[in-house]
Amino acid sequence: DPWTGDLNMWLNRVVWEHLGVRDGRATTYDQFMVNVRQAVVDNMISPHHIVAFPVSAIVGARWLQATGFTPSLVYLDSAHELDETYFELCLYYHIL
């Protein structure tokens, strides 16, 4: 997930506060990483539990295919756009 928000979030300025838009980009990824680091410090998770890869699901799937890496688990936060979600699921179905 590139943590950029979906089209609805960008069209409805009321949601911008949730995205924490600064300098034209959402800051939700930054907060996510702060939360993950704190969870590691608090020994809630190990540093290897979460591997953040802030790219689109399609780019992530293509990277996995290109490198031959097969994960044991994928958390797919879809683009939530018509047809794009189906395409993402098809890509990951072949990977897993």
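Residues numbered from 1 in each chain as written. Predicted model: local features only at pLDDT ≥ 70, side-chain atom pairs only at ≥ 80, totals over all residues. Heavy atoms only, no water.

Trainee: If you had to explain the overall build of the protein to someone new, which residues and values would you point to?
Mentor: What the protein contains, in helices and strands, is 5 helices and 0 strands. Reading the protein from its N terminus to its C terminus gives the helix and strand order α-α-α-α-α. Judged by the C-alpha coordinates and their principal axes, the protein covers about 40 × 40 × 20 Å. Looking at the protein as a whole, 20% of its 96 residues are labelled buried. Across the protein, contacts joining residues at least 24 apart in sequence account for 45% of those joining residues at least 6 apart. A gap of 9 Å separates the mean positions of the 5 positive and 11 negative side-chain charges of the protein. (Helix = DSSP H or I, 4+ residues; strand = E, 2+ residues; numbered from the N terminus. Buried < 20%, exposed > 50% of the residue type's maximum accessible area, 1.4 Å probe, protein only. Contact = heavy atoms within 4.5 Å. Lys, Arg positive; Asp, Glu negative; His and termini not counted. Charge placed at Lys NZ, Arg CZ, Asp CG, Glu CD.)

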